[in-house]
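These are the residues of each chain, in order.
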Amino acid sequence: KTIIKIGEAEIGGAEPAIIAGVCAVESREQTMITAQVVAEAGCKWFRGGAFKPRTSPYAFQGMHEEGLKILAEVRDTYGLKIVTEAIDEPALDLCEQYADVIQIGTRNMQNFSLLKRAGQARKPILLKRGMSSTLEEFLLAAEYVMAEGNYDVILCERGIRSFGSHSRFTPDLAVIPAAQKLSHLPIILDPSHSTGTRETVIPMARAGVAVGADGLLVDVHPYPERALCDGPQALLFDMFRQMVEEVRAIGQIVRKPA
Ligand code: PEP
Ligand code: MN
């Protein structure tokens, strides 16, 4: 089983890895206060988008390099490892300079030229499942990265398209043990993007760890009503602290020492 390890921080190890932070870096203040809460909760990973793949071209697209500099400040201040999304090759060039882990989003899971470029990067890749992709397509997308020589790939289930309107996407929990049966790669769950509403995030986070997810990718925001991206799914700080406590307890029951 592959364990992704950067310093003390691990994904695929004994504890479920909690990668938490802002959906989008919107300002230095919003990012730094969220990072403080994430660090104080004992988490080792911070997420934040500087390049945002938005459905509407008129929506906030991210702070780009300025946002990456804020993320680098998060690492310098709190020691958190940084996960950030590259939406295209030029963004990947920049993310490689500033981040610890480069995220490829659901909409790019089969962007094969971007996957090949990610495979040439010397940083781990967090690969999100395409929202309409089969497990086979998902694993073959990971192969595109590994075939270029980068074996540090983290799979991420982020919900698939379904017919319900109670949830933005459908978190496919069954894909987690199925992927673990076929692949040595760690797989985490994104309970935020897969549901779209904060009330559903903690129940799905608990469930994800219970079915064996190697970690979680979670949105948190200090004032979600003013968020420029995905406010309705962002956990408030107290909810986040509660989630961390609960999933740690579940992790102790279901995870065997490596
Ligand atoms: C994100 O994690 O910020 C994101 C845009 O996710 P996805 O690609 O799963 O929609
Ligand atoms: Mn988002």
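So, here's what we can say about the structure. Quick caveat, the model's predicted, so the values are computed rather than measured.

### Let's talk about the packing of aromatic side chains
Centre distance and the angle of the planes are the two values used to describe a pair of aromatic rings.
Argument step 1. Scanning the entire structure with this criterion turns up one aromatic pair.
Argument step 2. Against the face of Phe169 rests Arg158, its NZ or CZ located 4.1 Å from the ring centre.

### Observations regarding the coordination of the manganese ion (ligand 2)
Argument step 1. On the protein side, the manganese ion (ligand 2) has Cys23 (SG), His193 (NE2) and Asp230 (OD) as donor atoms, found 1.9 to 2.2 Å from it.
Argument step 2. Counting gaps between the donor residues of the manganese ion (ligand 2) yields the pattern C-x169-H-x36-D. Linking Cys23 in strand E3 (residues 17-24) with His193 in the loop between strand E9 (187-189) and helix H7 (198-210), this pair joins segments that are 170 residues apart in sequence. Exposure class is identical for Cys23 and His193. Each is buried.

### Thoughts on the packing of helix H2 (residues 65-78) against helix H3 (residues 89-98)
Argument step 1. Their axes nearest at 10 Å, the elements H2 and H3 cross at an angle of 20°. With respect to each other, H2 and H3 are oriented roughly parallel. For the pair H2 and H3, the crossing hand works out as right-handed. Taking contact as the criterion, the partners of Glu65, Leu68, Lys69, Ala72 and Arg75 in H2 are, on H3, Leu94, Cys95 and Tyr98.

### Quick notes on the site of ligand 1
Argument step 1. Neighbouring residues of ligand 1: Arg47, Lys52, Pro53, Glu85, Gln103, Gly105, Thr106, Arg107, Lys128, Arg158 and His193.
Argument step 2. Coverage of ligand 1 by the protein chains reaches 96% of its 290 Å² of free accessible surface.
Argument step 3. Of the residues that constitute the shell around ligand 1, the class distribution is one nonpolar, four polar and six charged.

### Some points on the pairing of strand E10 (residues 215-219)
A regular strand places its side chains so that they alternate between the two faces of the sheet.
Argument step 1. Taken across its five residues, E10 has five buried, putting it largely inside the fold.
Argument step 2. Here E10 shows a buried face lined by Gly215, Leu217 and Asp219 and a second buried face lined by Leu216 and Val218.
Argument step 3. Direction of pairing for E3 relative to E10: parallel, over a ladder of five bridges. Paired with Ile18 across the two strands is Leu216, which belongs to E10.

### Focus: helix H8 (residues 237-254)
Think of an α-helix as 3.6 residues a turn; residues three or four steps apart then line up on the same face.
Argument step 1. With 18 residues, H8 ought to run about 26 Å at 1.5 Å a step, and its terminal C-alpha atoms sit 26 Å apart, in line with that.
Argument step 2. When we look at burial in H8, the residues that qualify are Phe237, Met239, Phe240, Met243, Val244, Val247, Ile250 and Gly251. Here the buried residues of H8 occupy an arc of 140° about the axis, which is enough to place them on one side. The exposed set on the far side of H8, more than 90 degrees from its buried face, consists of Asp238, Glu245, Gln252 and Ile253.
Argument step 3. In this fold, the buried residues of H8 make contact with E3, helix H1 (28-40), H7 and E10.

### Here's the deal with the nonpolar core
Argument step 1. Core analysis: the biggest nonpolar cluster contains 67 residues, and Phe46, Leu127, Leu155, Phe240 and Met243 have the highest contact counts within it.
Argument step 2. Not counting chain neighbours up to four residues away, the residues in contact with Met243 comprise Ile18, Ile202, Ala205, Leu216, Val218 and Leu235.
Argument step 3. With 14 residues, the next largest nonpolar core counts Ile11, Ala17, Val101 and Leu217 among its residues.

### A closer look at H7
Argument step 1. Taking 1.5 Å as the rise per residue, H7 with 13 residues should run 18 Å; its terminal C-alpha atoms sit 19 Å apart, in good agreement.
Argument step 2. Of all the positions in H7, only Arg198, Val201, Ile202, Ala205, Gly208 and Val209 are classed as buried.
Argument step 3. Next to the buried residues of H7 lie E9, E10 and H8.

### What to know about the environment of Pro124
Argument step 1. Here Pro124 is to be found in the loop between helix H4 (112-120) and strand E7 (125-128).
Argument step 2. Assessed through its relative accessible area of 9%, Pro124 is described here as buried.
Argument step 3. Sequence separation between Pro124 and Val244 is 120 residues; the distance between their C-alpha atoms is 24 Å.
Argument step 4. Leave out the neighbours within four places in its chain, and Pro124 touches Ile4, Ile6, Asp100, Val101, Ile102, Asp152 and Ile154.

Reading the values: rules and limits
In every chain, residue numbers begin from 1 and rise along the written sequence. Just so you know, chain letters begin at A and ligand numbers begin at 1, following the order they were written in. The predicted nature of this model means local features are confined to residues of pLDDT at least 70 and side-chain atom pairs, given and counted, to a pLDDT of 80 or more, with totals for whole chains, interfaces and linings taken over all residues. Hydrogen atoms and water are omitted, and side-chain values are computed over all heavy atoms in the structure. Any pair of Phe, Tyr and Trp rings, taking the six-membered ring for Trp, is counted once the centres come within 6.5 Å. Such a pair is stacked with planes under 30 degrees apart, edge-to-face with planes over 60 apart, and tilted for the rest. Only when the NZ of Lys or the CZ of Arg is both within 6 Å of the ring centre and within 35 degrees of the ring normal is a charge said to sit over the ring. Note on donors: an N, O or S atom is included if it sits within 2.8 Å of the metal, or within 3.2 Å for Na, K and Ca, and water is never included, so sites can look incomplete. Helix and strand assignments follow DSSP, with helices taken as H or I runs no shorter than four residues and strands as E runs no shorter than two, numbered in order from the N terminus. The cut-offs for exposure are 20% and 50% of the maximum accessible area for each residue type, with area from a 1.4 Å probe on protein chains only; residues under the lower value are buried, those over the upper are exposed, and the others partly exposed. For every element, the axis is a line fit to its C-alpha atoms; helices are fit only across the contacting stretch, and the angle between N-to-C directions ranges from 0 to 180 degrees. Here roughly perpendicular refers to angles of 65 to 115 degrees, roughly parallel to angles under 35, roughly antiparallel to angles over 145, and oblique to all remaining angles. Working rule for handedness: look at the near helix, and if it is turned counterclockwise from the far one by less than a right angle, call the crossing left-handed; if clockwise, right-handed. The contact criterion used throughout is that any non-hydrogen atoms of two residues lie within 4.5 Å. A molecule or strand has a residue near it when one of that residue's heavy atoms lies within 4 Å. Here the Shrake-Rupley method, with its probe set to 1.4 Å, supplies the accessible areas, and only the displayed protein chains count as covering residues. Polarity classes work like this: nonpolar for Ala, Val, Leu, Ile, Met, Phe, Trp, Tyr, Cys and Pro, charged for Asp, Glu, Lys and Arg, and polar for all others, with Gly in that last group. Pairing between two strands is assigned when DSSP locates at least 2 bridges connecting them. For a helix, the expected span equals 1.5 Å multiplied by the residue count minus one. The reported arc concerns the directions from the helix axis to the C-beta atoms and nothing else. Buried residues of nine kinds, namely Ala, Val, Leu, Ile, Met, Phe, Trp, Tyr and Cys, make up a nonpolar core once their side-chain atoms join them within 4.5 Å.

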